[in-house]
Amino acid sequence: MTSTRAFSITQMYEDHIEKLRLSWIAAVGIERHVELQDLETYGPDVVGHLNLIYGHRVQVIGKAERNWVERAGQERWQRQLEDLIVGRPPAMIVADDIDPLPGMREICESSQTPLFTSPKACSAVIDLLHIYLARRFADTVSAHGVFMDVFGMGVLITGASGIGKSELALELVSRGHGLVADDVVELARTAPTTIEGRCPGMLRDYLEVRGLGLLNIRTIFGETAARRKMKLKLIVHLQKNAPGDETPRLPLDSQLQEILGIPIRRVTIHVAPGRNLAVLLEAAVRNCILQLRGIDSMSEFINRQQQAVLDDNNI
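Analysis parameters
- Residues numbered from 1 in each chain as written.
- Predicted model: local features only at pLDDT ≥ 70, side-chain atom pairs only at ≥ 80, totals over all residues.
- Heavy atoms only, no water.
- Buried < 20%, exposed > 50% of the residue type's maximum accessible area, 1.4 Å probe, protein only.
- Helix = DSSP H or I, 4+ residues; strand = E, 2+ residues; numbered from the N terminus.
- Arc of directions from axis to C-beta.
- Contact = heavy atoms within 4.5 Å.
- Lys, Arg positive; Asp, Glu negative; His and termini not counted.
- Salt bridge = Lys/Arg side-chain N within 4 Å of Asp/Glu carboxyl O.
- Axes fitted to C-alpha atoms, helices over the stretch in contact; angles between N-to-C directions.
- Parallel < 35°, antiparallel > 145°, perpendicular 65-115°, else oblique.
- Nonpolar A, V, L, I, M, F, W, Y, C, P; charged D, E, K, R; others polar.
- Core = buried A, V, L, I, M, F, W, Y, C linked by side-chain atoms within 4.5 Å.
- Phe/Tyr/Trp six-rings, centres within 6.5 Å; stacked < 30°, edge-to-face > 60°.

> Lay out helix 4 (residues 104-111) in plain terms, naming residues and giving numbers.
Every buried residue of helix 4 is listed here: Met104, Ile107, Cys108 and Ser111. When helix 4 is viewed along its axis, its buried side chains cluster within an angular range of 100 degrees and face the same direction. Residues of helix 4 that are exposed and angled more than 90 degrees away from the buried face: Glu106 and Ser110. Elements in contact with the buried residues of helix 4: strand 2 (23-26), strand 5 (58-61), helix 3 (74-86), strand 6 (92-94) and strand 7 (115-117). With its phi angle positive at about 60 degrees, Gln112 sits one or two positions after the end of helix 4.

Below is the structure:
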């Protein structure tokens, strides 16, 4: 079964009227929607250069298309334009600071297809709308925890309520790291292998610490103590041991947790009196950075141990 998501052309225009210096010149005020019919498709598939095959796209026309029209002739261009309008594109944008091609304004008015112009380069218009629509159409989920920037890596701290996530976040901020979100983290899959985390606008810059209440991290620690967004690379789960539970000293298998279908590295830190959680989390992040660079301390140790056994057997 196919599901559809839609986004307003009017909203797209309002969000980019300054960045792209858009002018709405035909079918002004007519509302249409950019639609995503396949949930496995991303925003970039709904905007691109003039293309009859993908009639559902926001069609962007620049100097290359104008040069093609001059070579092909007015009669062929008129047929192409009529075929394009039959596909009901949500909007058309004439970029590269050129005038609308012959017949465009009239056919857009008669078909109620929004037509915009922009002085920006055609490729710049497409690239900006790619990123914008990818975020607008991204699969999203909310997570409970604290999202931090630790050594430039997005780290989601999870755990039961009252276990000390916010206190750990406060200590990390005091050590020079950055807060992205506390309590509610908005996670979005902005690319096939990328999860981006943000904070809801109402909670931005705030950290709730038991006994202290709400703290404005940006005001207390300065501008560099808060971040607007980060890519999620590591989940650190805080856990208390129940009586009788034994914590494995050397977890041999790397842990992964799926979020929106993407596997994310996961580390469990056991909470106990006297343990410095901030140092442990920083060490976990440093180790994760090494693993991403292809350096696995555990594998190196196992290989060293196996080599020692072989050397002993050969004596």
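> Can you lay out the side chain of Lys165 for me, pointing to particular residues and giving the numbers?
Summarising the element assignment, Lys165 is placed in helix 6 (residues 165-174). Look at Lys165: it is buried, it has no salt bridge, and the nearest opposite charge is Asp183 at 7.0 Å. If near-sequence neighbours (up to four positions away) are discounted, Lys165 is found in contact with His144, Gly145, Val146, Ile157, Thr158, Gly159, Ala160 and Leu238.

> Please provide a residue-by-residue account of the packing of helix 6 against helix 8 (residues 277-292), values included.
Contact geometry of helix 6 with helix 8 gives a least axis separation of 9 Å together with a crossing angle of 70 degrees. Classified by the angle their axes make, helix 6 and helix 8 are roughly perpendicular. Where helix 6 abuts helix 8, its residues Leu168, Glu171 and Leu172 lie against Leu277, Ala278, Leu281 and Glu282. Taken together, the residues that form the contact of helix 6 with helix 8 break down as 5 nonpolar, no polar and 2 charged.

> Explain the nonpolar core to me, and be specific about the residues and the numbers.
The biggest cluster of nonpolar side chains holds 29 residues, and the ones touching the most others in it are Met148, Ile157 and Leu281. Considering every element that reaches this core, the biggest residue donor is helix 8, with 6 residues. The contacts of Leu281, once residues within four sequence positions are left out, are Val150, Ile157, Leu168, Leu172, Val236 and Ile269. By size, the runner-up hydrophobic cluster in this structure holds 24 residues, among which are Tyr13, Leu36, Ala95 and Phe137.

> Provide a residue-level description of the environment of Gln239, including the pertinent values.
Take Gln239: it is sitting in strand 14 (residues 229-240). Non-local contacts of Gln239, meaning those with residues more than four positions away in its chain, are made with Ile163, Thr268, Ile269, His270 and Val271.

> Just give me the short version of unusual backbone geometry, but keep the residues and values in it.
Among all residues except glycine, the phi angle is most often negative; among peptide bonds, the trans geometry is most common. A positive phi angle, near 50 degrees, is found at Ala27, a position not held by glycine. For Ala27, a relative accessible area of 2% corresponds to the buried category.

> Any chance you could break down the environment of Gln291 for me, citing the residues and the numbers?
Relative to the helices and strands, Gln291 resides in helix 8. Residue classification places Gln291 among the partly exposed positions, given a relative accessible area of 25%. Taking the C-alpha atoms as reference points, Gln291 and Ile195, separated by 96 residues in sequence, lie 19 Å from one another. Those residues within four positions of Gln291 in sequence are excluded, and the remaining contacts are Arg265 and Asp296.

> Quick rundown of the packing of aromatic side chains? Include the residues and the values.
Centre-to-centre distance and the angle between the planes together describe a pair of aromatic rings. In this structure the tally under the stated criterion is 4 aromatic pairs. Ring centres 5.1 Å apart and planes at 65 degrees place the aromatic pair Tyr13 and Trp24 in the edge-to-face group. Here Tyr13 is found in helix 1 (residues 9-16), whereas its partner Trp24 is found in strand 2, with 11 residues between them in sequence. As far as the burial class goes, Tyr13 and Trp24 line up, both buried. With centroids separated by 4.8 Å and ring planes inclined at 50 degrees, the aromatic side chains of Trp24 and Phe116 adopt a geometry described as tilted. Here Phe116 lies in strand 7 and Trp24 lies in strand 2, a separation of 92 residues in the sequence. Note on accessibility: Trp24 and Phe116 belong to one class, buried.

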